[in-house]
Each structure stands twice: as C-alpha cells, then as structure tokens.
Amino acid sequence: MLRSSHAFAAMLAAALPSAASAASPQSFKGEYTVSFLGLSIAKSTFSSRYENGAYAIEGSVSAAGLAKLFDDTRGTISSKGTIAGKRMVPQAFRADYTSGKKASVVDIRFANGRVTSTQVVPAPGKRDPKSWVPLGAGDLASVLDPMAATVIHADSLDQVCGRTVKFYDGEMRADLTLTYASKGTISVPGYKGDTVTCRMGFAPVAGYRKGRKALNYLKNKSRMMVTFAPLGQTGVYAPIHATVGTQIGTLTISAGRFEAVQ
C-alpha cells in the first residue's frame, strides 16, 4: 500500500522494469537506488522472465544508508500474468515486507483484467465514512498492479507518453497520466541509447482518505518525471530514471544496471 510519497517512490523502484512481449524466452535484470537530497535511502533489484506470452517477475527492496537508522524496511515483490497484444494482463501480485519487527503482506489476484480478491495483513482499521472514499463496483476493472503499471507497450519512443494507466496497490485505486516532456540519451551498465521523458500526473480515484496531505501534494503540486528506455527489441519501454517531488524534497530513482540477459 502506498501510504506516503516515499513509499510510492520505493514501490516504483522495486517494479522496474517488468515486461516483455516475445515468443522466445527473454530475461532482464536491474538494480536501482532511491536517493533523497543526494543520500541513498533505498535499494531495489529485480529479475524477470518472459516466455510464450507469459511473464514472471521477482524483486526486492530494502532501506539503505541513513534511512536504515530510522526505518529498517525490507521486502520482496512478485508479479505474474500474460501479455495480450500491447496489454499487460496481471494474474497475481504479492508484496511481503517487514519494518522492524512488524510484518505486512499485500496479495492481489486477478481474472480477465479484473481484481477478484485482495488480502492485506494486518487488515486496515475501520474507516471513517465521512472522509473515506470507498472503492466502487467498476473501480477494479482493467487495472494493473504496481509492477505491471510501470512499463509501457508502444511502437516507438514517440508513442510512450500520452496515456493514462489505471493502478491498484491493494487499497488505493489511482490514475497515472503520462505526457511528453523531452527526448534524450543515457548510459548505464547494460544500456546506452535513446530515452524519452514523460511528466507523470497522479490522481487518486478511490480507496483513500480525503484530506491526506501527502496525496494532495502528489496530485496538485508534485513534479514527477519518468525517463523510459527500451527493453531490447521487445516493444516494451521501462523506467530507467525518475524524480518524485515530495513535501520535504525530491526523491530520485536511478538505474545502476539495466540489461537484457541471455
């Protein structure tokens, strides 16, 4: 669950990149760092495999640097599903994480593009109906989990931006909008080449408390930029760099490795 803009950025980092559309088996590996004011606060790694129209991804995220002094959070994330044309069709998502001695689980199951079950441990407390925006009957149709939501199927870099992604994290439904910002190039271990940067907008739809300052900031004031690079010749584009403005400063997510593996 994305309970703050910091958690939002950490989940984004843990999910990068995550899909490929190809008949032959393909595997990818990545390593990411989340930093705040130049200091590393989280690290993420992932491995993914794509074969016969199906994908399976496993990732890990952990607190790093000075952040470990205040919140020693670590966890594992997995996602699997199928690929239909240019659409990700998730089947299952699970996040297991611990913060100190407290353990938490988010487990989401899908069928035909719709959420069929959600398990959250520990269970959320009672919601105040005056401030809580509940999930509606149609809110969980055609949604993506936090890992599948971070990759884009497109015919070229020019077509990556200019879209809205429906996102569900086990509690909150939100829309992520991507609008074109610029093109460029980047060089990191495993990849050197062209990129496109999109400005990302965030709009909570349901499953959240009205008046939350962190969410209001993300929606109305935060400057969020995501730079995408291609995953080989798959037609899939994944984030290789991102910045997320928060109430206390800017979080930066950077790939230390971004590569296809034979």
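Residues numbered from 1 in each chain as written. Predicted model: local features only at pLDDT ≥ 70, side-chain atom pairs only at ≥ 80, totals over all residues. Heavy atoms only, no water.

- Identification of the protein as DUF3108 domain-containing protein from Mesorhizobium ciceri biovar biserrulae is taken from an unreviewed UniProt entry.

**Brief notes about the side chain of Ser-222**
Then step 1. Turning to its location among the elements, Ser-222 is positioned in the loop between α3 (213-220) and β14 (224-230).
Then step 2. Classification of Ser-222 as buried rests on a relative accessible area of 13%.
Then step 3. Polar contacts involving the side chain of Ser-222 include one to the main-chain carbonyl oxygen of Gly-245, which spans 2.6 Å.
Then step 4. When residues no more than four places from it in sequence are discounted, the contact partners of Ser-222 are Tyr-217, Val-244 and Gly-245. (Helix = DSSP H or I, 4+ residues; strand = E, 2+ residues; numbered from the N terminus. Buried < 20%, exposed > 50% of the residue type's maximum accessible area, 1.4 Å probe, protein only. Polar contact = N/O pair within 3.5 Å; in protein donor to acceptor, adjacent residues only side chain to side chain. Contact = heavy atoms within 4.5 Å.)

**Side note on the packing of aromatic side chains**
The relative placement of two aromatic rings is captured by the distance of their centres and the angle of their planes.
Then step 1. Taken as a whole, this structure holds one aromatic pair when the rule is applied.
Then step 2. With a centroid separation of 5.9 Å and 65° between ring planes, the pair formed by Tyr-191 and Phe-258 is classed as edge-to-face. Here Phe-258 lies in strand β16 (residues 249-261) and Tyr-191 lies in strand β12 (residues 191-206), a separation of 67 residues in the sequence.
Then step 3. Given the relative accessible area of 3%, Phe-258 is considered buried.
Then step 4. It is Arg-127 that lies over the ring of Trp-132; its NZ or CZ is 4.1 Å from the centre. (Phe/Tyr/Trp six-rings, centres within 6.5 Å; stacked < 30°, edge-to-face > 60°. Lys NZ or Arg CZ within 6 Å of the ring centre and 35° of its normal.)

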